[in-house]
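Next come the chains, spelled out residue by residue.
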Amino acid sequence: MKSQLTCVLVLIGLFTIGLFGPAPAQSQEVGEELLTVAERSDWQGTATHAEVVQLIFRLADRSPLIHVEETGKTFQKKSLPIMVIADPPVKNPTEVGDRLVAFAWAGIHSGEVCGKPATLMLAREIATTKNHPLLKNLVVIFLPLLNADGNDLMSPDNRPGQLGPILGMGTRANAMGLNINRDFMKLDSPAAQAVVKVLNRWDPAIAMDLHTTNGSRHRYTLTYDGQRHPACDDDLRKLTRYELLPWVTKTMRANTGYETNVYGNFRGDRWVIDDALPRYSTHSIGMRNHISVLSEAYSYAPYKDRVLGTREFVRYCFRYVSENKEAVMQRREKAKQRTIELGNNPSIDNLVALRRQPDFGSERIEILGYENLRNRGDAGEPRSHSLFYNDLSKPTLSVTRPFGYVVPERLKEVHKRLKLHGISVSTLKEDLNLEVEVYRVDELERAETVYEGHQLVTVEVTPRTETRKIKAGTPIVRTGQPLGTLAAYLLEPQSEDGFCAWNFLDDELTVDSDFPVLRLPAAIAEL
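This is a predicted model, so every value here is computed, not measured.

Colleague: What am I meant to see in the overall build of the protein chain here?
Modeller: Secondary structure summary: the protein chain contains 11 helices and 22 strands in total. Relative to a compact globule of 527 residues, whose C-alpha radius of gyration would be 24 Å, the protein chain shows 24 Å and is just as compact. Seen through its C-alpha atoms, the protein chain measures out along the principal axes to roughly 75 × 55 × 40 Å. The burial tally for the protein chain puts 59% of its 527 residues in the buried class. At a minimum sequence separation of 6, the contacts of the protein chain that also span at least 24 residues come to 79%. By element, 49% of the accessible surface of the protein chain is carried by carbon and sulfur atoms, the whole surface being about 21300 Å². Across the protein chain, the centroid of the 64 positively charged side chains sits 3 Å from that of the 67 negatively charged ones.

Colleague: Looking at this structure, I do not really get empty space enclosed by the protein. What am I missing?
Modeller: Gaps between atoms show up when a probe of the same size as a water molecule is rolled over them. Under the criterion given, the structure shown has four cavities of 30 Å³ or more. There is about 60 Å³ of room inside the largest cavity. Glu 33, Leu 35, Thr 36, Val 37, Arg 40, Ala 47, Glu 51, Gln 54, Leu 55 and Arg 58 together form the lining of the largest cavity. Considering each element in turn, the lining of the largest cavity owes the most residues, four residues, to helix H2 (residues 49–62). When grouped by side-chain class, the residues that make up the lining of the largest cavity number four nonpolar, two polar and four charged.

Colleague: When you look at the packing of helix H3 (residues 115–128) against helix H8 (residues 303–323) in this model, what are you seeing that I'm missing?
Modeller: How two helices pack is summed up by the angle between their axes together with the distance between the axes. The geometry of H3 relative to H8 is characterised by a closest axis approach of 8 Å and an angle of 55 degrees between their N-to-C directions. Judged on the interaxial angle alone, H8 and H3 are oblique. The way H3 lies across H8 gives a crossing that is right-handed. Along the contact surface, H3 presents Gly 115, Pro 117, Ala 118, Met 121, Leu 122 and Glu 125, while H8 presents Tyr 303, Val 307, Leu 308, Thr 310, Arg 311, Val 314 and Arg 315.

Colleague: So what exactly am I meant to see when it comes to the environment of Lys 197 here?
Modeller: Mapped onto the elements, Lys 197 comes out in helix H5 (residues 190–202). The exposure class of Lys 197 is partly exposed, given its relative accessible area of 41%. If we ignore the near neighbours within four places in the chain, the residues touching Lys 197 are Glu 70 and Thr 71.

Colleague: So what exactly am I meant to see when it comes to the layout of surface pockets here?
Modeller: Of the volumes computed, that of the largest pocket is approximately 350 Å³. Listing elements by their share of the lining of the largest pocket, those giving two or more residues are strand E7 (206–213), strand E10 (265–267), helix H7 (281–286) and strand E12 (291–298). Element by element, the count of residues in the lining of the largest pocket is highest for E7, at three residues. A breakdown of the residues in the lining of the largest pocket according to their chemical character gives five nonpolar, 10 polar and 10 charged. In this structure, the second largest pocket occupies an estimated 300 Å³ of space. Looking at the second largest pocket, it is lined by 19 residues, and the ones nearest its centre are Pro 230, Ala 231, Leu 342, Leu 351 and Arg 401. Residue assignment for the lining of the second largest pocket shows that the elements contributing at least two residues are helix H9 (325–344), strand E13 (351–359) and strand E16 (392–400). With four residues, the top contributor of residues to the lining of the second largest pocket is H9.

Colleague: Any chance you could explain the sheet that holds strand E5 (residues 100–106) here in plain terms?
Modeller: A sheet is described by the order of its strands in space; here eight strands give the open sequence E3-E4-E6-E5-E7-E12-E8-E9, paired in mixed fashion. Taken across any chain shown, the strands that pair with only one partner, and hence form the sheet edges, are strand E3 (66–73) and strand E9 (260–262). Between one strand axis and the next, the sheet turns by 25 degrees as a mean value, whatever way the strands run. As judged from the three bridges shared by strand E8 (residues 222–226) and E9, these two strands associate in the parallel manner. Bridged to Leu 222 within E9 is Thr 260.

Colleague: Sorry, what's going on with the environment of Glu 39 here?
Modeller: Here Glu 39 shows up in helix H1 (residues 37–40). For Glu 39, the side chain forms a polar contact with the main-chain nitrogen of Thr 36, separated by 2.8 Å.

Colleague: Help me out: how do you make sense of a negative patch on the surface in this one?
Modeller: Judged by side-chain charge, Asp 442, Glu 443, Glu 445, Glu 448 and Asp 512 come together as a negatively charged surface patch. The topology assignment puts Glu 445 in strand E19 (residues 432–446).

Colleague: Teacher, can you tell me more about H5 here?
Modeller: Counting along an α-helix, one turn takes 3.6 residues, and residues three or four places apart therefore face a common direction. Its 13 residues give H5 an end-to-end C-alpha distance of 18 Å, which sits within 8% of 18 Å, the value for a rise of 1.5 Å per residue. Within H5, the full set of buried residues consists of Ala 191, Ala 192, Ala 194, Val 195, Val 196, Val 198, Leu 199 and Trp 202. Asp 203 lies just past H5 and shows a positive phi near 45 degrees.

Colleague: Is there a simple way to explain the nonpolar core in this structure?
Modeller: The nonpolar side chains of a soluble globular protein tend to be buried, and buried together. Core analysis: the biggest nonpolar cluster contains 103 residues, and Ile 85, Phe 142, Ile 206, Met 208, Leu 244, Phe 313 and Phe 318 have the highest contact counts within it. The greatest single-element share of this core, amounting to 10 residues, is contributed by H8. If sequence neighbours within four positions are ignored, Ile 206 has contacts with Val 101, Ala 102, Phe 103, Leu 244, Ile 291, Val 293, Cys 317, Phe 318 and Val 321. Core analysis: the second largest hydrophobic core is formed by 37 residues, Val 399, Val 407, Leu 411 and Phe 515 among them.

Cut-offs used in this document
- Think of each chain on its own: its residues are numbered from 1, step by step along the sequence as written.
- Local features in this predicted model are restricted to residues whose pLDDT is 70 or higher, and side-chain atom pairs enter the listing and the counts only when it is 80 or higher, whereas totals over whole chains, interfaces and linings include all residues.
- Computation of side-chain values covers all heavy atoms of the structure but excludes hydrogens and water.
- A run of H or I in DSSP counts as a helix once it spans at least four residues, and a run of E counts as a strand once it spans at least two, with each numbered from the N terminus.
- For this measure, only C-alpha atoms enter the radius of gyration; the expected value for a globule follows 2.2 Å times N^0.38, where N is the number of residues.
- When accessible area is computed with a 1.4 Å probe and restricted to protein chains, residues below 20% of their type maximum are described as buried, those above 50% as exposed, and intermediate ones as partly exposed.
- Contact definition: two residues touch when any of their heavy atoms are within 4.5 Å.
- Each accessible area value is a Shrake-Rupley result obtained with a 1.4 Å probe; residue values ignore everything except the protein chains displayed when judging cover.
- Two residue types count as positive, namely Lys and Arg, and two as negative, namely Asp and Glu; His and chain ends fall outside the count.
- In this description, the location of a charge corresponds to atom NZ of lysine, CZ of arginine, CG of aspartate or CD of glutamate.
- A cavity, in this analysis, means grid points on a 1 Å lattice covering only the protein atoms where a 1.4 Å probe fits yet has no way out; a pocket is instead an open set bounded by protein on both sides within 12 Å along at least five of seven lines, and a residue lines either one if it has an atom within 4 Å of a point.
- Grid points are joined across faces, edges and corners, and a volume is the space filled by probe spheres set on the points.
- The classification used treats Ala, Val, Leu, Ile, Met, Phe, Trp, Tyr, Cys and Pro as nonpolar, Asp, Glu, Lys and Arg as charged, and all other residues, Gly among them, as polar.
- Axes here mean lines fitted to C-alpha atoms, for a helix over just the part in contact, with angles spanning 0 to 180 degrees between N-to-C directions.
- An angle below 35 degrees is treated as roughly parallel, one above 145 as roughly antiparallel, one from 65 to 115 as roughly perpendicular, and anything else as oblique.
- Each helix crossing is assigned a hand: it is left-handed if the near helix lies turned anticlockwise from the far helix by less than a right angle, otherwise right-handed if that turn is clockwise.
- Two strands pair if DSSP finds at least two bridges between them.
- Think of a polar contact as two N or O atoms within 3.5 Å of one another; within protein, one of them needs to be a possible hydrogen donor and the other a possible acceptor, and neighboring residues in sequence only count if both atoms come from side chains.
- Residues enter a patch when their relative accessible area is above 30% and they make no salt bridge; the linking distance is 9 Å between like charges and 5 Å between nonpolar side chains (Val, Leu, Ile, Met, Phe, Trp, Tyr).
- A side-chain nitrogen of Lys or Arg and a carboxyl oxygen of Asp or Glu constitute a salt bridge if their distance falls within 4 Å.
- A helix is expected to reach a length of 1.5 Å times the quantity of its residues less one.
- What we call a nonpolar core is a set of buried Ala, Val, Leu, Ile, Met, Phe, Trp, Tyr and Cys residues that are connected through their side-chain atoms within 4.5 Å.

Structural data, given as structure tokens:
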């Protein structure tokens, strides 16, 4: 017997105004079959992978604006569908036209559950609202659950101290035992590969990774970060950090009452964020010339506030991109063109940063916290703290950007990952005697412990220049391509997060031997 569907009024905003501010004052009449598990459970539970997929297809059945496609499968072969929402609808990137693509995914750490219902709720609203303003200039893509394997290992004990959902949440690691948000250089996990597939196929102007943080006690519903690695395009970094995010902070506060600020933790007189390593999604995606935003809802805020705060943060980030479509489009295109031109025109001052360290600068920011900066004991009275903040990273080791790299075909794991990243590889059409730069390995240090399935390697090298005969058919990676900076970073032996560091060249890596990847320092007409 078909059950009768009850129509309920989802009222958003019936909170007592307190520490985390009033929730957004909006309401939407939603059929019960289109509610998230979070809503249906009165904010006590979260959805399984099967329930997420079921709701995605229910929404697609309800709205012709939603196109669903599978961007990959997890290690346990669970489907990873994305919703592509557009008006008029699109089924492939060639139909996007002059709109920009905005992409957000959730559940990379599946115990951090708030992004999952947040993206589903915003997708529902966008797809079922006539002439939704975000669709004027955007094609919106949501991947509501990335770590589907870890998600279904639910337990109330998976994130101690987090305020809900009390019925349980998933695990941080995936079924491979990997932290997916340390996998964006090596791409070992099908989930990280699935995100990169969306980036390559749909080329979003903005890409957002939605998390929950259980760090220092503060008074923000959500904190955020943008790309900070010094190899990222500096104009896009500044656009993200000094234009988009401040606008979102101000506008979100005015419209929702939720307070947001830059991500970090108290460390003495400093507000300290994680290192800007490209293994993290935020910095690797920035290196690919996207606006890259990390969202960190606050574990100690009520579950409902975390979900709604995350939803509104995504909304306002997307709204900024939509309302500034022409400027964002132009600045992204200029960033891509800069990358190509830098690769095509090597020079002594054309550098790629391989290693970096945080830079706290000389300016302070105001952080809303408490008298007690420690996580133990009574927090005390609310207090604002003026702190130094390491939102900058400065290079400690850089190399001149070459015209390209000679990557021997025998380096199978390297070529596999170049392809996954979407980096173009060409081949030499004829035998050529070429001037190349060869690295000699002087020092090699291997980590004693296994980290994310690898024993990280650090090498020190000395370059020399010589002429070698390079045979026809040899693979060549040029840096004069949109992903040229990423290619250089991955192929340089001294990169903190390059292929060498992650053991993909171990078979040919010994002290006093030549590094197998050669540099082409100058432009070559035959390429």
